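Here are the chains, one letter per residue:
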Amino acid sequence: MVLGKQHPHYGQSLTGLALTYFRLGNYAKAESLYLEGISIKEKVLGKDNPGYAISLVNLANLYFHLKNFEKAEPLFIEANEIIEKTYGKEHFEYAFSLHNLAKFFKSAGKIEKAEQGLLESMSICERTLGKENYLYSGNLSILAELYMDSGNFAKAEPLLINSKSIDENVLGKEHPD
């Protein structure tokens, strides 16, 4: 059975190959393959599909790595909107998407947007999963980094202590992270 180039599995194959080129440092080839995969997923799955959103995030991560924040930002935002529409605001996937968007905003120097996204992600985590999970801990750590970057060490310290405690409880003291 031949599925052809207009099948989501072919688009997924392109994504895997693009990731390989990305890791090898061949960013132009990676970009080309990511764009082709996005085009296929848009045609076959539609723009409201989480698979399409993941493809957008993959390309956004490439642009992010290249410090091309102008190209990365709209892709991250569009993917986040798709995830929100698909899963709703009270779902782990949306909290994770907000976490990733906040990390982008932090790196792009959009501190207020980063803080807002982290706090919202933490709130969703707390309501849906509780505080004892890696995403909540990760949000605490990044929020602490934001505060440290602005010189507010007093605000950062309790967040880092809490994050460390959660990681010890969830991952164990011997975990490399």
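The sections below set out a description of the structure shown in this document.

Considering the packing of aromatic side chains
For the structure shown, the criterion picks out nine aromatic pairs. The rings of Phe64, Phe69, Phe76, Phe104 and Phe105 are connected pair by pair, giving a single aromatic cluster.

Topic: the pattern of salt bridges
Counting across every chain of the model gives nine salt bridges. Put simply, Glu42 and Lys47 hold a salt bridge, and the shortest N to O gap is 3.9 Å. Between Glu90 and Arg127 there is a salt bridge, with its nearest N and O atoms 2.5 Å apart. Of this pair, Glu90 sits in the loop between α4 (69–87) and α5 (92–107) while Arg127 sits in helix α6 (residues 111–128), placing them 37 residues apart in sequence. Because the salt bridges share partners, they merge into one network encompassing Lys106, Glu145 and Asp149.

Overview of helix α7 (residues 134–149)
With 16 residues, α7 extends 22 Å between its outermost C-alpha atoms, agreeing within 8% with the 22 Å of an ideal straight helix rising 1.5 Å per residue. Along α7, the residues classified as buried are Leu135, Tyr136, Ser137, Gly138, Asn139, Leu140, Ile142, Leu143, Ala144, Leu146 and Tyr147. One or two residues past the end of α7 sits Gly151, with phi positive at roughly 85 degrees.

Focus on the layout of surface pockets
By volume, the largest pocket is sized at about 230 Å³. Contributing to the lining of the largest pocket are Pro50, Ala53, Ile54, Val57, Phe76, Ala79, Ile83, Tyr87, Glu93, Phe96, Ser97 and Asn100. Broken down by secondary-structure element, the contributors of at least two residues to the lining of the largest pocket are α3 (50–65), α4 and α5. Residue composition of the lining of the largest pocket, grouped by class: nine nonpolar, two polar and one charged. Taken as a whole, the second largest pocket encloses approximately 160 Å³ of empty space. Surrounding the second largest pocket, Asn80, Leu98, Leu101, Ala102, Phe105, Lys113, Gln116, Gly117 and Glu120 form its lining. Contributions of two or more residues to the lining of the second largest pocket are made by α5 and α6. When its residues are assigned to classes, the lining of the second largest pocket shows four nonpolar, three polar and two charged.

Looking at the nonpolar core
One finds Tyr34, Leu56, Leu59 and Leu143 to be the most contacted residues of the largest nonpolar core, which totals 45 residues. Going through the elements one at a time, α1 (8–24), α2 (27–45), α3, α4, α5, α6, α7 and α8 (153–171) are the ones with two or more residues in this core. A per-element tally of this core places α7 first, with eight residues. Beyond its immediate chain neighbours, meaning those up to four positions away, Leu59 contacts Glu31, Tyr34, Leu35, Ile38 and Leu75.

Topic: the packing of α4 against α5
As a packed pair, α4 and α5 sit with axes 9 Å apart at the nearest point and diverge in direction by 165 degrees. When the axes of α4 and α5 are compared, the pair comes out roughly antiparallel. Here α4 runs over α5; the crossing is left-handed. Residue-level inspection shows Phe69, Ala72, Glu73, Phe76, Ile77, Asn80, Ile83, Glu84 and Tyr87 of α4 in contact with α5, the latter providing Glu93, Tyr94, Ser97, Leu98, Leu101, Phe104, Phe105 and Ser107. By residue class, the composition of the contact of α4 with α5 is 11 nonpolar, three polar and three charged.

Rules used throughout
- Counting starts from 1 at the beginning of each chain's written sequence and moves along it residue by residue.
- Local features are withheld for residues below a pLDDT of 70 in this predicted model, meaning they are given only at 70 or higher, and side-chain atom pairs are given and counted only at 80 or more; totals for whole chains, interfaces and linings count all residues.
- With hydrogens and water stripped out, all remaining heavy atoms of the structure feed into the side-chain values.
- Put simply, two rings from Phe, Tyr or Trp (the six-membered ring, in Trp's case) pair if the centres are within 6.5 Å, and we call them stacked under 30 degrees between planes, edge-to-face over 60, tilted for the rest.
- By convention in these notes, a salt bridge is any Lys or Arg side-chain nitrogen within 4 Å of a carboxyl oxygen on Asp or Glu.
- Segments assigned H or I by DSSP are reported as helices when at least four residues long, segments assigned E as strands when at least two residues long, and all are numbered from the N terminus.
- Expected span, for any helix, means 1.5 Å times one less than how many residues it has.
- Only protein chains enter the area calculation, which uses a 1.4 Å probe; residues under 20% of their type maximum are buried, those over 50% are exposed, and those in between are partly exposed.
- The pocket and cavity definitions rest on a 1 Å grid over protein atoms only: a 1.4 Å probe that fits but cannot leave marks a cavity, an open set with protein on both sides within 12 Å along at least five of seven lines marks a pocket, and residues lining either have an atom within 4 Å of a point.
- Grid points are joined across faces, edges and corners, and a volume is the space filled by probe spheres set on the points.
- All residues other than Ala, Val, Leu, Ile, Met, Phe, Trp, Tyr, Cys, Pro, Asp, Glu, Lys and Arg, Gly among them, are scored as polar; the first ten of these are nonpolar and the last four charged.
- Note on terminology: a nonpolar core comprises buried Ala, Val, Leu, Ile, Met, Phe, Trp, Tyr and Cys residues joined through side-chain atoms within 4.5 Å.
- Two residues form a contact once any of their heavy atoms are found within 4.5 Å.
- Axis lines are fitted to C-alpha atoms, over the contacting stretch for helices. Their N-to-C directions set the angle, which ranges from 0 to 180 degrees.
- Orientation labels follow simple angle bins: below 35 degrees gives roughly parallel, above 145 gives roughly antiparallel, 65 to 115 gives roughly perpendicular, and whatever is left gives oblique.
- Should the near helix be turned counterclockwise from the far one by less than a right angle, the crossing is left-handed, whereas a clockwise turn marks it as right-handed.

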